[in-house]
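# Observations on the three-dimensional arrangement
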Amino acid sequence: MLCALGASASAEAAERDAWSGLYRHEWVANTQAAQAIAATLERPEPSQLTITRAPDADPAKLMKRYQSDLARWTLAQASGGGEKSRPLRRFLPREYAGWGWTALHEAGRMECLDGGHLFLCKTTPDTTVAFGPEGPGQETLRVKTGVFGIVLHAGAFELKKLD
């Protein structure tokens, strides 16, 4: 009975935190970051990143608009190379609207985390995601793994969960 309870609690924890884990990180071809790496390395190897559930934020230290969701995560290089981890929080509803993803989010088909100059999103694998309002300036990204991100001034990347 104790084993069953432990397995149940573990499954519930995993369901509540679908973000935590080890990921393979690869820049999307033709992004600034991919081109810069390719220029310096003959065969660039994908890196690994870790997303970890962090303690909830202290509402007293947050602006009012961020107090509705206190859940937090951290993003760091898996190798630990002395680089500081980056805090992540869930997108606010207006952030989905800014990318044209409100309908996807409300339908449960898109969830994103914000990390300041970068963000991460989960959607259905093999989905084409459109960025911004419809029209000639709209960009798209084919997300093979279902997890992607964008770093401002560097480009888009995909993450593949390894564990």
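In case you missed it, the structure is sitting above this.
So, here's what we can say about the structure. (Residues numbered from 1 in each chain as written. Predicted model: local features only at pLDDT ≥ 70, side-chain atom pairs only at ≥ 80, totals over all residues. Heavy atoms only, no water.)

With that settled, consider the packing of aromatic side chains. Following the criterion strictly, the structure yields seven aromatic pairs and no others. Geometrically, the ring pair formed by Trp 101 and Phe 119 is edge-to-face, given 6.1 Å between the ring centres and 70° between the ring planes. You can see Trp 101 sitting in the loop between helix H3 (93-99) and helix H4 (102-106) and its partner Phe 119 sitting in strand E6 (residues 118-122), a full 18 residues away along the chain. Feature note: the residues Phe 91, Tyr 96, Trp 99, Trp 101, Phe 119 and Phe 148 constitute an aromatic cluster, connected by ring pairs. Its end group placed over the ring of Trp 73, Arg 53 keeps NZ or CZ at 5.1 Å from the ring centre. (Phe/Tyr/Trp six-rings, centres within 6.5 Å; stacked < 30°, edge-to-face > 60°. Helix = DSSP H or I, 4+ residues; strand = E, 2+ residues; numbered from the N terminus. Lys NZ or Arg CZ within 6 Å of the ring centre and 35° of its normal.)

For the rest of this paragraph, the subject is the pairing of strand E7 (residues 127-131). Across the two faces of E7 the burial differs, with Thr 127, Val 129 and Phe 131 buried and Thr 128 and Ala 130 not buried at all. Here E7 runs beside strand E8 (residues 139-143); their pairing, made up of five bridges, is antiparallel. The residue of E8 that forms the bridge with Ala 130 is Thr 140. (Buried < 20%, exposed > 50% of the residue type's maximum accessible area, 1.4 Å probe, protein only. Pairing = 2+ DSSP bridges.)

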